[in-house]
Amino acid sequence: MKRTKDFADLIRAKLAADPELARAVEVESFNSDIAMKVYDLREGAGLTQAQLAKLVGTTQSVISRIEDADYGGHSLKLLRRIADALGKNLRVEFFARPLLPAVEVVETFSPDWPSVDNWRPDIREGSPAGT
């Protein structure tokens, strides 16, 4: 197996070792991606959430939820209405999941810092910490 100290390889190794974690990351990434795209399109059009909601035929709170990265209840019907209101087309794609390589992580991070026992506070006369 490949040995690495690279942070990206560390993340890939953790995801490869834990399919449940990998799926959770995929879902959160998907929700975040939709939220950012709707937000960016709305901002690019110079619209407030309330203005976009009126064009879509919904409420401002619905637009706010769609723009929330933690929201997972997106409907294609609503996303299509948002796209129409902003003069865009909506496209859904299916694609292969990337294969995560097996990576053995030998060392993740070891800074060359002094021991905590050797740290000395920087206290100067007249400073709040030195009073």
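Caption draft 1: Inspection of the overall build of the chain at higher detail. A count of helical and extended segments in the chain gives 5 helices and 2 strands. Across the 131 residues of the chain, 21% fall into the buried class. Pairs at least 24 residues apart make up 60% of the contacts formed inside the chain by residues separated by at least 6 positions. Carbon and sulfur atoms make up 54% of the accessible area of the chain, which amounts to about 10500 Å² in all.

Caption draft 2: Quick peek at a nonpolar patch on the surface. On the surface, L76, L90, V92 and F94 cluster together to form a nonpolar patch covering roughly 460 Å² of accessible area. Checked against the element boundaries, L90 lands in the loop between helix 5 (76–85) and strand 2 (103–105).

Caption draft 3: Summary view of the environment of N89. Inspection of the secondary structure assignment puts N89 in the loop between helix 5 and strand 2. Assessed through its relative accessible area of 80%, N89 is described here as exposed.

Caption draft 4: Just the side chain of Q49, in detail. Along the chain, Q49 falls in helix 3 (residues 49–56). Of the polar contacts made by the side chain of Q49, one reaches the side chain of E67; its length is 2.8 Å. If we skip the residues at most four places from it in the chain, Q49 touches R42, Q60, I63, S64 and E67.

Caption draft 5: Molecular detail of the nonpolar core. One finds V38, L52, I66, L78 and I82 to be the most contacted residues of the largest nonpolar core, which totals 13 residues. For this core, the secondary structure elements donating two or more residues are helix 2 (19–44), helix 3, helix 4 (60–66) and helix 5. When neighbours within four sequence positions are excluded, L52 is seen to be in contact with R42, L47, I63, I82, A85 and L86.

Caption draft 6: A look at the confidence of the model for the chain. Within the chain, residue pLDDT values average 81, and 70% of them lie at 70 or more. Across the chain, the element-wise mean pLDDT spans from 53 in strand 2 up to 98 in helix 3.

Caption draft 7: View of helix 3. Taken as a whole, helix 3 has its buried residues at Q49, L52, A53 and V56. Taken down its axis, helix 3 places every buried residue within 105 degrees of arc, on the same side. Across helix 3 from its buried face, at more than 90 degrees, point the exposed residues K54 and L55. As for helix 3, its buried residues are in contact with helix 2, helix 4 and helix 5. One or two residues past the end of helix 3 sits G57, with phi positive at roughly 85 degrees.

Caption draft 8: Summary view of helix 2. Between its terminal C-alpha atoms helix 2 stretches 37 Å, which fits the 38 Å expected from 26 residues at 1.5 Å a residue. Within helix 2, burial applies to N31, I34, A35, V38 and R42. In this structure, the buried residues of helix 2 make contact with helix 3, helix 4 and helix 5. Phi turns positive, to about 70 degrees, at G46, one or two residues after helix 2.

The rules behind the values
- Residues numbered from 1 in each chain as written.
- Predicted model: local features only at pLDDT ≥ 70, side-chain atom pairs only at ≥ 80, totals over all residues.
- Heavy atoms only, no water.
- Helix = DSSP H or I, 4+ residues; strand = E, 2+ residues; numbered from the N terminus.
- Buried < 20%, exposed > 50% of the residue type's maximum accessible area, 1.4 Å probe, protein only.
- Contact = heavy atoms within 4.5 Å.
- Areas by Shrake-Rupley, 256 points an atom, 1.4 Å probe, with all protein chains shown as cover.
- Patch = residues over 30% accessible without salt bridge, like charges linked within 9 Å, V, L, I, M, F, W, Y side chains within 5 Å.
- Salt bridge = Lys/Arg side-chain N within 4 Å of Asp/Glu carboxyl O.
- Polar contact = N/O pair within 3.5 Å; in protein donor to acceptor, adjacent residues only side chain to side chain.
- Core = buried A, V, L, I, M, F, W, Y, C linked by side-chain atoms within 4.5 Å.
- pLDDT = per-residue confidence, 0-100.
- Arc of directions from axis to C-beta.
- Expected span 1.5 Å × (residues − 1).

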